[in-house]
Amino acid sequence: MHIAELLRGLPFIESIEDNGEINGEWTLILNFPIEGNKILMFVMCVNLTTSPMKSKGNSPVRFFNPQLISYPHIMHSGYLCMHTRDCVTWEDRIIEDVSALHEWIERYYVKREVDEHYEDLVVEDVLIKGRKKLFYYSRMIPMPKVGDYGIVAYTRLKESRSDNKTDTYLVQSLVWGDRKVCSGEWSQYYLNMEYELGLFVMLNGSPSEYDKFAVDKYEKLEDLCTDEQLEYLYRQLYRSKKEFAPIFFGYMTPSKQLRWLITYPDRNQPLIMGEKNKIEKRVEWKPKLGNIKMEQAASEGCSYEQFFGRGSFPKSISEKRVLLLGVGAIGSIVAITLIRCGIRDITLSDFDDKHSGNVCRSEYLFDTGHTKKIDEMKHILESISPFVKVTCIDELHMILKHAPYQEPAQATQILDLFDIVIDCSIDSEMMWAIDQIETKAQVINLSISNGARELVCAFSPNVSEFVSRVYTDVIKEGTGDLYNPEGCWSPTFKASYNDVQVMVQYALRNIVRMLNGESAKANFMIREIDESLKLIRW
């Protein structure tokens, strides 16, 4: 392949210098014409020891010009960071990447465009005592201000089974003066975890070079700190008996979002030194930051919006308070879907325990052994989302079921605490009982036929009458061919996890659209007809 010959057909290149191949890498110098008879040069490096396809997202073609380091997407190394489309031939790869380079020149060099979205500062990827450090943080309410300083509480998350070289932490709260501020978003499950302590100071500017790289030495932060903040750090680091590490240097983005530069200081090095200033007849001690290289930890913003940025339920749904009755095959899938789609407040009720036979078609785990279903589901949901409040009430099932004969007013008060009640219990007595209870909550009943051939969804009121009629007159389901577990167990429907999952997800998609006003709310049945799922409305 003759790279230079291939590129000479491109109209936006002025000239090409072919330096040939050394150790499997072909190097060329590309000259691009710029306004005013100027030329912009890039070194093009092509790794011919591999294929034209990307490796871990990186193209085998790279472009280099360290003099452009102040421009967007030029990294410390001088290489341009680009994300180009996939290619399977060298000809397509070369043309695609060089064309993307030309587009970068037009946008960022010629037109001086600035990306609208804020990108976090690039920190050096280093090991701290042989470990990588990563901190998740969310917004604080109220937000600390420039000049504030104090203590950070953070907790370590579980160690990954696959990556035993990374310690991941979550920032829980800040304490400054007489004020303690917890994260305004994390659930109590995470805020109540055992914590470690660090220090924080709020800088009066971004600790950056070229607005994209984090500074690499402490002395470069000096103009961003007050003397009071430096004296505080000195007292805590060198005079306090407590071990504080790391230091969180806070700063605000152009859009007023809080970010952290997190470093691990070596207490054996003079991070903060004193400088004597003679003022008239007095000598004052002025703190100075040392010319010491930082050991930086990675940090990652994890607000609710960032966490669910790739997709969630509409806000009109995610802010609802949900009661889920029954967390078996259907209910466990519903629970996890709700939480992965942004629900923040859910209450679970189920009297049953999890047995080994439940695992194959539900969301439970085998290695947790015999547990109460709601207890394990609570743990699973809290492990998925740091924003969800999960409440478990095992006896609520029975309270509601017997309410028409005992305490209907109490049942009304309970259900009125919720916006949505989803009954996945597949219990006809429960279904009838809830129909008798007056409530402002929207009740939704989900049930599935044997073999998962149909799923029935009913909205209050009069759920029981509709569901019974559908199963009797439309589905015409009998009691044969059910699964009978060994021992004294009630028979249950037969269906695989895949069968149940497909039906439930399609049902939830339509329920959300109905509740959000995108389509008219109506009872429906999902049935597979001619190898397609059909939604039949009533």
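Refer to the structure printed above.
With respect to the pattern of salt bridges
No. 1: Here the structure, examined in full by the defined rule, presents 27 salt bridges.
No. 2: Of the charged contacts in the structure, one is a salt bridge between lysine 401 and glutamate 429, with a shortest N-O distance of 3.1 Å. In this pair, lysine 401 sits in helix H9 (residues 396–402) while glutamate 429 sits in helix H11 (residues 428–436), placing the two residues 28 residues apart along the sequence.
No. 3: Linked through salt bridges whose partners overlap, the residues forming this network are Arg131, Lys133, Arg156 and Asp167.

What about the layout of surface pockets?
Over the atoms, a rolled probe matching the size of one water molecule traces out where space is still vacant.
No. 1: Put simply, the largest pocket is a space of about 1500 Å³.
No. 2: In this structure, the largest pocket is lined by 46 residues; those nearest its centre are Pro72, His73, Met75, Asp115 and Glu119.
No. 3: Mapped by element, the contributors of at least two residues to the lining of the largest pocket are strand E4 (61–64) and helix H2 (90–110).
No. 4: Sort the elements by how many residues they give to the lining of the largest pocket and H2 lands first, with six residues.
No. 5: The residue inventory of the lining of the largest pocket, partitioned by class, reads 20 nonpolar, 13 polar and 13 charged.

A few points about the packing of aromatic side chains
No. 1: Scanning all chains against the criterion turns up 27 aromatic pairs.
No. 2: Consider the rings of phenylalanine 42 and tryptophan 104, whose centres lie 5.9 Å apart with planes at 90°: the pair is edge-to-face. A residue pair is termed long-range when its members are at least 10 positions apart, and phenylalanine 42 in strand E3 (residues 38–47) and tryptophan 104 in helix H2 qualify at 62 residues.
No. 3: Under the relative-accessibility criterion, phenylalanine 42 is labelled buried at 0%.
No. 4: Considering the side-chain rings of phenylalanine 307 and phenylalanine 387, the 5.3 Å spacing of their centres and the 70° angle between planes classify their relative orientation as edge-to-face. Pair noted here: phenylalanine 307 is in helix H5 (residues 304–307) and phenylalanine 387 is in the loop between helix H8 (373–384) and strand E21 (389–392), with a separation of 80 residues, a long-range link.
No. 5: Ring pairing ties together the aromatic residues Phe135, Tyr154, Tyr169, Trp176, Phe200, Phe248 and Trp260, which thus form one cluster.
No. 6: A cation over a ring is seen here: arginine 62 above tyrosine 79, with NZ or CZ 4.1 Å from the ring centre.

A look at H2
No. 1: Compared with an ideal rise of 1.5 Å per residue, which puts 21 residues at 30 Å, H2 spans 29 Å between its outermost C-alpha atoms and is within 8% of the ideal.
No. 2: Residues of H2 that are buried: Trp90, Arg93, Ile94, Glu96, Asp97, Val98, Ala100, Leu101, Trp104, Ile105 and Tyr108.
No. 3: The inward-facing, buried residues of H2 contact helix H1 (3–7), strand E2 (25–34), E3 and E4.
No. 4: Directly beyond the C-terminal end of H2, a positive phi value near 55° is found at arginine 112.

Quick look at empty space enclosed by the protein
No. 1: With the rule as written, the count across this model stands at two cavities of 30 Å³ or more.
No. 2: Within this model, the largest cavity holds a volume of roughly 90 Å³.
No. 3: In terms of lining, the largest cavity is formed by Phe313, Ile317, Val322, Leu338, Ile343, Ile420, Ile422, Ile444, Leu508, Ile511, Val512 and Leu515.
No. 4: At the level of secondary structure, the elements contributing two or more residues to the lining of the largest cavity comprise strand E22 (420–423) and helix H13 (497–515).
No. 5: At four residues, the largest contribution of residues to the lining of the largest cavity is made by H13.
No. 6: Grouping the constituent residues of the lining of the largest cavity by class yields twelve nonpolar, no polar and no charged.

Considerations on a negative patch on the surface
No. 1: On the surface, Asp499, Glu528, Asp530 and Glu531 cluster together into a patch of negative charge.
No. 2: Assignment of secondary structure puts aspartate 530 in the loop between strand E25 (524–529) and strand E26 (532–537).
No. 3: Looking at aspartate 530, the relative accessible area reads 71%, which means it is exposed.

Overview of the pairing of strand E8 (residues 179–182)
No. 1: In this structure, strand E7 (residues 166–176) lies alongside E8, joined through four bridges in antiparallel fashion. Residue pairing across strands places serine 173 opposite cysteine 182, the latter belonging to E8.
No. 2: Counted between consecutive antiparallel strands, the loop separating E7 from E8 contains two residues, among which glycine 177 sits at a positive phi close to 60°.

Observations concerning the sheet that holds E3
No. 1: Pairing in this open sheet of four strands is antiparallel, and the strands run E1-E2-E3-E4 from one edge to the other. A strand with exactly one partner marks an edge of an open sheet, and here the two such strands are strand E1 (15–22) and E4. Each adjacent strand pair in this sheet contributes to an overall mean axis angle of 25°, direction not counted.
No. 2: Bridge count for E1 against E2 is six bridges, and the pairing is antiparallel. Residue isoleucine 16 lies in a different strand from E2, and its bridge partner there is leucine 30.
No. 3: Across the sheet, H2 lies against E2, E3 and E4, angled at about 145° from E3, the strand it touches most.

What to know about helix H7 (residues 329–340)
No. 1: With twelve residues, H7 ought to run about 16 Å at 1.5 Å a step, and its terminal C-alpha atoms sit 17 Å apart, in line with that.
No. 2: Burial of H7 is extensive: eleven of the twelve residues sit out of reach of the surface.
No. 3: Among all positions in H7, only Ala329, Ile330, Gly331, Ser332, Ile333, Val334, Ala335, Ile336, Thr337, Leu338 and Ile339 are buried.
No. 4: Buried residues in H7 make contact with strand E17 (321–325), strand E18 (345–349), H8, E22, strand E23 (442–448) and H13.
No. 5: Of the residues trailing H7, glycine 342 is marked for its positive phi of about 105°.

Digging into the packing of H11 against helix H12 (residues 463–475)
For any two helices packed against each other, one specifies the inter-axial angle together with the distance between the axes.
No. 1: In the contact formed by H11 and H12, the axes pass within 8 Å of each other and the chain directions differ by 145°. Packed against H11, whose contacting residues are Met431, Trp432 and Asp435, the element H12 presents Val463, Ser464, Glu465, Val467 and Ser468 at the interface.
No. 2: Tallied by class, residues from the contact of H11 with H12 come to four nonpolar, two polar and two charged.

Quick look at unusual backbone geometry
If a residue is not glycine, its phi is most likely negative; likewise, a peptide bond is most likely trans.
No. 1: Look at the link from isoleucine 141 to proline 142: it is a cis peptide, with omega at -5°.
No. 2: Within the secondary structure layout, proline 142 lies in the loop between strand E5 (132–137) and strand E6 (149–156).
No. 3: Non-glycine residue asparagine 23 carries a positive phi angle of around 50°.
No. 4: Residue placement: asparagine 23 occurs in the loop between E1 and E2.

Criteria and cut-off values
- Residues numbered from 1 in each chain as written.
- Predicted model: local features only at pLDDT ≥ 70, side-chain atom pairs only at ≥ 80, totals over all residues.
- Heavy atoms only, no water.
- Salt bridge = Lys/Arg side-chain N within 4 Å of Asp/Glu carboxyl O.
- Helix = DSSP H or I, 4+ residues; strand = E, 2+ residues; numbered from the N terminus.
- 1 Å grid on protein atoms, 1.4 Å probe; cavity = no way out; pocket = protein on both sides within 12 Å on 5 of 7 lines; lining within 4 Å.
- Points joined across faces, edges and corners; volume = space filled by probe spheres on them.
- Nonpolar A, V, L, I, M, F, W, Y, C, P; charged D, E, K, R; others polar.
- Phe/Tyr/Trp six-rings, centres within 6.5 Å; stacked < 30°, edge-to-face > 60°.
- Buried < 20%, exposed > 50% of the residue type's maximum accessible area, 1.4 Å probe, protein only.
- Lys NZ or Arg CZ within 6 Å of the ring centre and 35° of its normal.
- Expected span 1.5 Å × (residues − 1).
- Contact = heavy atoms within 4.5 Å.
- Patch = residues over 30% accessible without salt bridge, like charges linked within 9 Å, V, L, I, M, F, W, Y side chains within 5 Å.
- Areas by Shrake-Rupley, 256 points an atom, 1.4 Å probe, with all protein chains shown as cover.
- Lys, Arg positive; Asp, Glu negative; His and termini not counted.
- Charge placed at Lys NZ, Arg CZ, Asp CG, Glu CD.
- Pairing = 2+ DSSP bridges.
- Axes fitted to C-alpha atoms, helices over the stretch in contact; angles between N-to-C directions.

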